[in-house]
Amino acid sequence: MSPNFTFYRTGAMKTEVVEEELFGKRWDPDYWDPDLIENEKFLKNLPKTNPAFVKSVHLGEYLDYITYGKIVTGAKRKFSKRGVKYISPTTVQDYGVIHCKLPLFVKKDDIRNSEDKKPRSGDILFNRTGEGTIGRNTVFLLPSEDYTIGDHVNILRLAGVSPFWTSLFLCSQFGYKQVLRYINGVSGRVEISFTQIKKLIIPIPTDLDQKTVKANYLSFHKWLNRILQTDQFFDQEETIKVNFSQMVQDVEKLVVGELKKINAISTQK
């Protein structure tokens, strides 16, 4: 019988893992957190227990393109006073691309503005590094020519599954627990790799629910963009967060069976 290895985490918490399970896998204790492992098992089996879901897939199965922004150092990292908007991890909030939170720009001929680093409408922007920002994501719904991504932000371009559903699910507790399991790093320099992102489990709801989620998401962003255009964002940020959280909560309720279907909502106040 294989011996157990004991991993100690913060405080008195500990996890015991059979030795044979460790071969070829990570040894850090958070990776073996029972709550995070149970979350993944639950999601894999979800279509068998919840009729609202047709299957569970790894994100990589529907990932058509993935990249992060151009890495530059020294003088090349300077920003301009105007030009193309630079999307940083601060800019990427779960509820949208909020450039006014950190208004950085690069010139059109800057190497950071290369065509392969410019998000398209419907892409998911996903923060790949940083405590407090890693895993934060949103669907990009703005003019591509006006934006480019920073080196700590990923573009996730999906094919065959709704980016709106996928993004909201990744914002939920069930999505974020997976990010917590797969992040690497210490002392605030945490990150998640392309390989680990591709392993994230996404339960797929019915086509009807995916369409409703898309309609809700677009309605929310139409309302959000009106606020951003009138420079009232910071006055209404808390209301924006509350309205967005309603969509995420409905996703969570669908996952646990408290909702049979996603209901149309209105965020326009």
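Just above, that's the structure.
Visitor: I'd like a rundown of the sheet that holds strand β10 (residues 137-139), residues and numbers included.
Guide: Overall, antiparallel pairing links the four strands, which are arranged β4-β12-β9-β10 in an open sheet. Only two strands of the sheet have a single partner each, and these edge strands are β4 (63-68) and β10. For this sheet, the mean inter-axis angle between neighbouring strands, taken without regard to orientation, is 20 degrees. Pairing between strand β9 (residues 124-127) and strand β12 (residues 153-158): four bridges, direction antiparallel. Within β12, the residue paired with N127 across the bridge is V153. The strands touched by helix α2 (residues 163-171) within the sheet are β9, β10 and β12, with β10 carrying the most contacts at an inclination of about 160 degrees.

Visitor: Report on the packing of aromatic side chains, specifying residues and quantitative values.
Guide: If you walk through the whole model with that rule in mind, you get twelve aromatic pairs. Here the aromatic residues Y95, F220, W223, F233, F234 and F244 are joined through ring pairs into a cluster of three or more. Taking the ring centre of Y68 as reference, the NZ or CZ of R128 above it sits at 3.9 Å.

Visitor: Can you break down the sheet that holds strand β11 (residues 147-149) residue by residue, with the values?
Guide: Ordered in space as β8-β5-β11, the three strands form an open sheet in which the pairing is mixed. Each end of this open sheet is capped by a strand with a single partner; those strands are β8 (105-106) and β11. Sheet topology places strand β5 (residues 84-87) next to β8; two bridges connect them, and they run antiparallel. Note on β8: the bridge partner recorded for V84 is V106.

About the cut-offs
Residues numbered from 1 in each chain as written. Predicted model: local features only at pLDDT ≥ 70, side-chain atom pairs only at ≥ 80, totals over all residues. Heavy atoms only, no water. Pairing = 2+ DSSP bridges. Helix = DSSP H or I, 4+ residues; strand = E, 2+ residues; numbered from the N terminus. Axes fitted to C-alpha atoms, helices over the stretch in contact; angles between N-to-C directions. Contact = heavy atoms within 4.5 Å. Phe/Tyr/Trp six-rings, centres within 6.5 Å; stacked < 30°, edge-to-face > 60°. Lys NZ or Arg CZ within 6 Å of the ring centre and 35° of its normal.

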